[in-house]
Amino acid sequence: MSTTTPTSTKWATRRPGTLASTSTACVLCAKKTAGRSSAGSEPGSEQYRGRHTHSEGALRPLAQHQTRAGAAMKQRNRQIFWRGALLALGATLVWSPPMVSQAQTSVTALSNAERQDLASVRDAASAFEAGRLAEARALAGARDDSASLIVRARFAHWSGDDAGALQMSEQAIALATGDATRADAAVAHAEMLFFTGDWDEAEALLRDTLAALPQSMRVRLALGELLWERGERDEATAILEAMAARYNDGLIDDPRELVAVGRGMQILGRMRDANRALGRAARQSPDHPDVHIAFAELMLASYNHAEAEDSLQRALEAAPQHPDAHRLMAEIEFFVSGNFAAAEDRLARADEIAPHHPGIALQRARFAMTRGEWARAADIADRVLQRSPHHGDALSLLAAVRYLGGDRLGFENASKRFIRYRTRSSKLWRVVGEAAALNNRHAEAVRFFEEALDRNPDDAGALAGLGLALTRTGDEARALGVLERAAQEDRFHVRVHNMLELYQRGLRDYLTAPASPGLRLRAHMRQHELLKAASLPLVDEAHEVFSARYDLRIEPLIVEIYPEPQTFSVRSVGVPQIDPHGICFGDTVLLRSPADADFNWEMVLWHETAHAYHLRLSEARVPRWFTEGLAEYESGERDPSYRRFHDEEIARRLQHGSLPALSELGEAFLAGRGFDVIVAYQLASLAIDYIVEIGGRDAPTRLLRGFADSPRFDQLAPALLGRSIEELDAGFEAWLKKRYAPLMAHPMIDIDRVRRMAAGEEVEHADAVEEGAYKAFVAALEGRGDQARVLIASARRRAAGADTMAQARVEAVLVHAFNALGQSDEALQAGRRALDAGLESPELRLALARAAAQREQLQEALVHAEAAASIHPQSAEAWTLLEERAAALGQDALARRARQARFELSPHDPRLAQDMVESSHGELQLRAARRWAAIETFRASAHLAVASALLELERPDEAIAAFERAALSDPQRASTIKEVAREQLTRGGWHDKARQIQ
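Because the structure is predicted, anything quoted here is derived from the model rather than measured. (Residues numbered from 1 in each chain as written. Predicted model: local features only at pLDDT ≥ 70, side-chain atom pairs only at ≥ 80, totals over all residues. Heavy atoms only, no water.)

K.L.:
Explain the overall build of the chain residue by residue, including any values.
P.N.:
Counting its secondary structure elements, the chain contains 52 helices and five strands. Residue burial in the chain is summarised as follows: out of 998 residues, 59% are buried. Contacts spanning at least 24 positions in sequence make up 65% of the contacts within the chain whose residues lie at least 6 apart. Accessible surface for the chain amounts to roughly 37,700 Å². Of this, 48% is attributable to carbon and sulfur atoms. (Helix = DSSP H or I, 4+ residues; strand = E, 2+ residues; numbered from the N terminus. Buried < 20%, exposed > 50% of the residue type's maximum accessible area, 1.4 Å probe, protein only. Contact = heavy atoms within 4.5 Å. Areas by Shrake-Rupley, 256 points an atom, 1.4 Å probe, with all protein chains shown as cover.)

K.L.:
Tell me about the packing of helix H12 (residues 255-267) against helix H13 (residues 271-284), residues and numbers included.
P.N.:
Between two packed helices, the angle of one axis relative to the other and the distance separating the axes together describe the packing. It is the contact of H12 with H13, at a shortest axis distance of 7 Å, that shows an interaxial angle of 170°. What the angle tells us is that H12 and H13 run roughly antiparallel. Residue-level inspection shows Pro255, Leu258, Val259, Val261, Gly262, Met265 and Gln266 of H12 in contact with H13, the latter providing Met271, Asp273, Ala274, Ala277, Leu278, Arg280, Ala281 and Gln284. For the contact of H12 with H13, a count of residues per class yields ten nonpolar, three polar and two charged. (Axes fitted to C-alpha atoms, helices over the stretch in contact; angles between N-to-C directions. Parallel < 35°, antiparallel > 145°, perpendicular 65-115°, else oblique. Nonpolar A, V, L, I, M, F, W, Y, C, P; charged D, E, K, R; others polar.)

K.L.:
Any chance you could break down the pairing of strand E1 (residues 510-516) for me, citing the residues and the numbers?
P.N.:
Pairing of E1 with strand E2 (residues 519-524), which is carried by six bridges, proceeds in the antiparallel orientation. Along E2, the bridge assignment pairs Tyr510 with His524. Where E1 folds back onto E2 in an antiparallel hairpin, the turn is made up of two residues. (Pairing = 2+ DSSP bridges.)

K.L.:
So what about the packing of helix H27 (residues 528-550) against helix H50 (residues 956-969)? Which residues, and what values?
P.N.:
Axis separation between H27 and H50 bottoms out at 9 Å; the angle between their running directions is 155°. As the angle between them shows, H27 and H50 are arranged roughly antiparallel. Judged by the sense of rotation from one axis to the other, the crossing of H27 with H50 is left-handed. Contact with H27, carried on its side by Glu529, Leu530, Ala533 and Ala534, involves Arg965, Leu968 and Ser969 of H50 and no other residues of that element. Its residues assigned to classes, the contact of H27 with H50 comprises four nonpolar, one polar and two charged. (Left-handed = near helix turned anticlockwise from the far one by under 90°.)

K.L.:
Break down the confidence of the model for the chain for me, citing the residues and quoting the values.
P.N.:
Confidence in the prediction of the chain, expressed as mean pLDDT, is 86, and 87% of residues score 70 or more. Taking the mean pLDDT of every element in the chain, the minimum, 26, falls on helix H1 (residues 46-49) and the maximum, 98, on helix H34 (residues 699-707). The low-confidence segment residues 15-56 (pLDDT under 50) makes 131 contacts with residues lying over four places distant or belonging to another chain. Across residues 60-111, where pLDDT falls below 50, the model places 209 contacts with residues more than four positions away in sequence or in other chains. (pLDDT = per-residue confidence, 0-100.)

K.L.:
Help me get a handle on unusual backbone geometry, residues and values and all.
P.N.:
For the bond from Glu555 to Pro556, the omega torsion is -5°, close enough to zero to count as cis. As for its position among the elements, Pro556 is in the loop between H27 and strand E3 (557-562). A positive phi angle, close to 70°, is found at Asn440, a residue other than glycine. Inspection of the secondary structure assignment puts Asn440 in the loop between helix H22 (427-438) and helix H23 (442-455). Look at Asn440 and you get partly exposed, because its relative accessible area is 24%.

K.L.:
So what's going on with the UniProt feature "repeat: TPR" (unreviewed entry) in the chain? Which residues, and what values?
P.N.:
The UniProt record annotates "repeat: TPR" (unreviewed entry) at residues 426-459 and 940-973. Secondary structure across residues 940-973 comprises 79% helix and 0% strand; the distance between its end C-alpha atoms is 9 Å. (UniProt positions renumbered as here; feature names shortened; annotations may be inferred.)

K.L.:
Account for the pattern of salt bridges, with residues named and values stated.
P.N.:
Side chains that differ in charge, positive against negative, can pair when their charged atoms come close. Applying the stated criterion to the full structure yields 89 salt bridges. Counted as one network, the salt bridges with shared partners bring together Glu129, Asp184, Arg218, Arg256 and Glu257. (Salt bridge = Lys/Arg side-chain N within 4 Å of Asp/Glu carboxyl O.)

K.L.:
Report on helix H38 (residues 751-758), specifying residues and quantitative values.
P.N.:
An α-helical turn contains 3.6 residues, so a residue and the one three or four places further along point in the same direction. Residues of H38 that are buried include every one of Arg753, Val754 and Met757, and no others. On an axial view of H38, the arc spanned by its buried residues comes to 100°, and they lie on one face. Check the buried side of H38 and you find it contacts helix H39 (768-781). Just downstream of H38, Gly760 is the residue with a positive phi angle, here 85°. (Arc of directions from axis to C-beta.)

K.L.:
Describe helix H46 (residues 892-903), with residues and values.
P.N.:
End to end, H46 covers 16 Å across twelve residues, agreeing with the expected 16 Å (1.5 Å per residue, within 8%). For H46, every residue scored as buried is listed here: Leu894, Ala895, Ala898, Arg899, Ala901, Arg902 and Phe903. Where the residues of H46 are buried, they touch helix H44 (858-871), helix H45 (876-888), helix H47 (910-919) and helix H48 (922-935). (Expected span 1.5 Å × (residues − 1).)

K.L.:
So, the side chain of Arg902: which residues are in play, and what are the values?
P.N.:
By the secondary structure assignment, Arg902 is in helix H46. On the basis of relative accessibility, which here comes to 14%, the residue Arg902 falls in the buried class. Excluding anything up to four places from it in sequence, Arg902 contacts Ala876, Trp879, Thr880, Glu883, Asp909 and Leu912.

K.L.:
Which residues make up the side chain of Gln527, and what values do they have?
P.N.:
The topology assignment puts Gln527 in the loop between E2 and H27. Overall, the relative accessible area of 0% leaves Gln527 in the buried class. A polar contact is formed between the side chain of Gln527 and the side chain of Ser593, at a distance of 2.9 Å. (Polar contact = N/O pair within 3.5 Å; in protein donor to acceptor, adjacent residues only side chain to side chain.)

K.L.:
Which residues make up the packing of aromatic side chains, and what values do they have?
P.N.:
Per the counting criterion, the structure on display carries 22 aromatic pairs. Considering the side-chain rings of Tyr510 and Tyr562, the 5.4 Å spacing of their centres and the 45° angle between planes classify their relative orientation as tilted. Residue Tyr510 is located in strand E1, and its partner Tyr562 is located in strand E3; the two are separated by 52 residues in the primary sequence. When the ring centre of Phe155 is taken as origin, the NZ or CZ atom of Arg137, which lies over that ring, is 4.3 Å away. Lying across the ring of Tyr303, Arg495 places its NZ or CZ 4.6 Å from the centre. (Phe/Tyr/Trp six-rings, centres within 6.5 Å; stacked < 30°, edge-to-face > 60°. Lys NZ or Arg CZ within 6 Å of the ring centre and 35° of its normal.)

K.L.:
Account for the sheet that holds strand E5 (residues 588-592), naming residues and giving values.
P.N.:
In a beta sheet, neighbouring strands are held together by backbone hydrogen bonds and run either parallel or antiparallel to one another. A sheet is described by the order of its strands in space; here five strands give the open sequence E1-E2-E3-E5-E4, paired in mixed fashion. Single-partner strands in this sheet number two, and they are E1 and strand E4 (582-584). Across the sheet, the mean angle separating the axes of adjacent strands is 15° when strand polarity is ignored. Sheet topology note: the E4/E5 ladder contains three bridges and is antiparallel. Opposite Cys584, over in E5, you have Val589 as the bridge partner.

K.L.:
For the nonpolar core, give the residues involved together with the corresponding values.
P.N.:
Judged by nonpolar contacts, the single largest core of 73 residues is most densely connected at Trp625, Phe626, Leu662, Phe713, Phe732 and Leu736. When residues of this core are assigned to their parent elements, the largest contribution, eleven residues, is made by helix H33 (residues 677-695). Residue assignment places this core across two domains, with domain 1 (516-619) and domain 2 (621-748) each supplying three or more. The contacts of Leu662, once residues within four sequence positions are left out, are Trp625, Ala687, Tyr690, Phe713, Leu728, Asp729 and Phe732. If you look at the next biggest cluster of nonpolar residues, it comprises 65 residues, including Leu362, Tyr403, Leu470 and Val496. (Core = buried A, V, L, I, M, F, W, Y, C linked by side-chain atoms within 4.5 Å. Domains from an automatic or database assignment.)

K.L.:
Account for the environment of Met192, naming residues and giving values.
P.N.:
Residue position: Met192 is located in helix H8 (residues 179-196). Judged by relative accessible area, Met192 falls into the buried class, the value being 6%. Along the primary structure Met192 and Asp162 are separated by 30 residues, whereas in three dimensions their C-alpha atoms are 7.5 Å apart. The residues contacting Met192, other than those within four sequence positions of it, are His157, Asp162, Ala165, Leu166 and Ser169.

K.L.:
Any details on the pairing of E2? Residues and values, ideally.
P.N.:
Counting buried positions along E2 gives five out of six residues, so the element sits mostly inside the fold. Direction of pairing for E2 relative to E3: parallel, over a ladder of four bridges. The residue bridging Leu519 from the neighbouring strand is Leu557, located in E3. For the crossover from E2 across H27 to E3, the handedness is left-handed. (Right-handed = clockwise from strand over helix to strand, strands pointing away.)

K.L.:
Can you explain the environment of Lys737? Please cite residues and give values.
P.N.:
Among the secondary structure elements, Lys737 is positioned in helix H36 (residues 725-739). Discounting chain neighbours no more than four positions away, the residues touching Lys737 are Leu654 and Met744.

What follows is the structure, given as structure tokens:
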């Protein structure tokens, strides 16, 4: 196989900087540091600056900033390995004003004596700022001074007592003595006024306070932010710009004031200056949690999640109870790491600290919206709006949810409420655009981003979103110009930087050209001709099938094929760390090149092309689970071996009651809930099977058309299928149980229970007799051998008094425990006891086959493997073990039967396909050869096998095309391959066809 992979382009996983070289280390080779350069380093220090901040310098006047904003960006030379893929929603959706920046605590209150002692040496404000919340609560309760009232107001706000918070913050103003305390009290009260909707009074208070205290950066930030929100941008800019002069004169050394400067510069879009101010704040107070949280928010705004996470870890080290640190960390866990359970746990922990924190509530609403739980997200946003009727983030999220759910009136009402007080704000339309993009509605996302930019041409987030959306709708020429503007507004935006790198340099060696009226192909120039020859017949076939089914035709379908995982990932989402084989953006399909020969490329292309038609017909409103299930179903229609075969896992979950309902499949795809998303693909495909059975083959087509008007399955399906959603759930479950009855007749290990026990969770065992066996199994899996053996003995003693079948179930579990301990003899003995008692199951037989093979008892291994395959014919593992054992024992006919069964279950195995070519004839040989060529597309011998099989079937025209693909796959041997083609065609009597080979 010739070398076809081009030179790797290097992509940024952190924000590009201005001090480093223009290239970065390959992300797959980079190592994540331990979270910091050295102990005690902080933003702005020499150790930290290489990762977080720029060199110390003055903040530039606004005009100078704008002049330099278009300078070429440079990448950093230090990288951190990304922990997961970034999704399309930006980090600004639930950004809260600094009015809620600390947390209530659930820690037990201190005694009266302790309160009095603390009050004599410390103050509540200092404890609160440092994140010592139990101490802050106690100190605040022991005094009635201004600082203590401000802290009590914060706690009241987090408890949902906004009226009490307003009253206490107003009292704090009356009791304030020094300038700093007066500023704190005025800001606290103004923020509560702003939150509860009295914007005019908040503005008047801040204007009066700033006139009296013009040097207060916190007051200046609060007023500038309020005016910016109201659309009075010129005055807001002047107020915030004045911060730079005071900073440049070296007159600010209070970390809280420096954080205010940083936030002010961020509002103005001056990210570099924000970075500098926060760096100085960190040097002044390296353990101040608000410094690290402000920096994390700065990084999140530019999709630099790695550095944001590092800053949040520092904040939590200093203040483990800080609710905003937990809120933002939950965002990273959900959208970056994909650890949905951890994200929810993080928010639950934050709830214990601040149960009515609006930012935490909106983060939870954002998660719900992403999972498709639109009603729940809207309910949360409405509850926030009951407290804060003009809350911009809540109104933006509510508008997004109403739009996604097809509630046009609800969207219009939310947007009208938003613009009533914000004449120039673009936030709502940017947020809705991000939600549209996340839900594959890229053409509509373009329109929302454009409206956002009509309101605020300098909205960096909207520019970035528009540029990315345009790349997904095929308008790349316009996208490049928009991305360049986005880079001018935010030079550190990771996704923008990477997309510009891709279009300006990364695609230089790619060719984009029409291959036919139905296909426009982009591929690396060294791969383009072969990939055109390989993809064109399949795309033409797909057009014929899907256009007939859906009464529409996509011309051209844009197919882009990338040989490098990082390039594919950047083109997909703007960062180099996702690894699917294909992604569909509507009429544009992105694929990994088959050069790596590790997946069935034709199967993926068919699947993604099906998505393109689903999205077009439904106007991109089809739920993800439905289009994934239908694409799986339609792939299986083309070739039954393309279906997934996780039947045992589905039956296992049915048996143990942990399978999502039909109406819960959307959440199963996005939230997991311990459910393997790969298995969810098959379950979604089975749901389509069920829908077809009850509604006819055209039922999915009718639903796709219906989604264009009503994107919610639970609202649309009852009308089109004639059953309520409860009836559909119950019917699907009954249908699955009937389908999997043969497998469910046999007891299976509850894998979810094992995982939860291994994670240390409290697990309620339905069967007390089996509990000890499960504990022994977990101990064995974790390598606690001595403890496992004790638990095994205990489990057997407990089972001794139970009935025969209960004892057999215990022995069946212990087989797996013994295998994990490497005790094959004991595993075989336990398994024989279970079988003798009448227990039978494919997983028991497979465990015994492995144990017997380990003891080189080949005949017994064969017996168990054959039994497993008989009970569960869709088990590729059973057929693999059977083939190995049969071949070792010289039972060639049985080995061939097992190999063919494996072939029907293993669409991604090139060696198996090659073996089938060599051991079969006729149509089966042709199928095997085509399977081989679909996986190892750059191997000439695979295409030659296709050609030979076609000639055997007297199909010379198709054989000629296969010979041409063979020549393209190995240019150095092309002339030899063509000579072979001419010889074989001549030998077959096709002399005229042979002369066509040039």
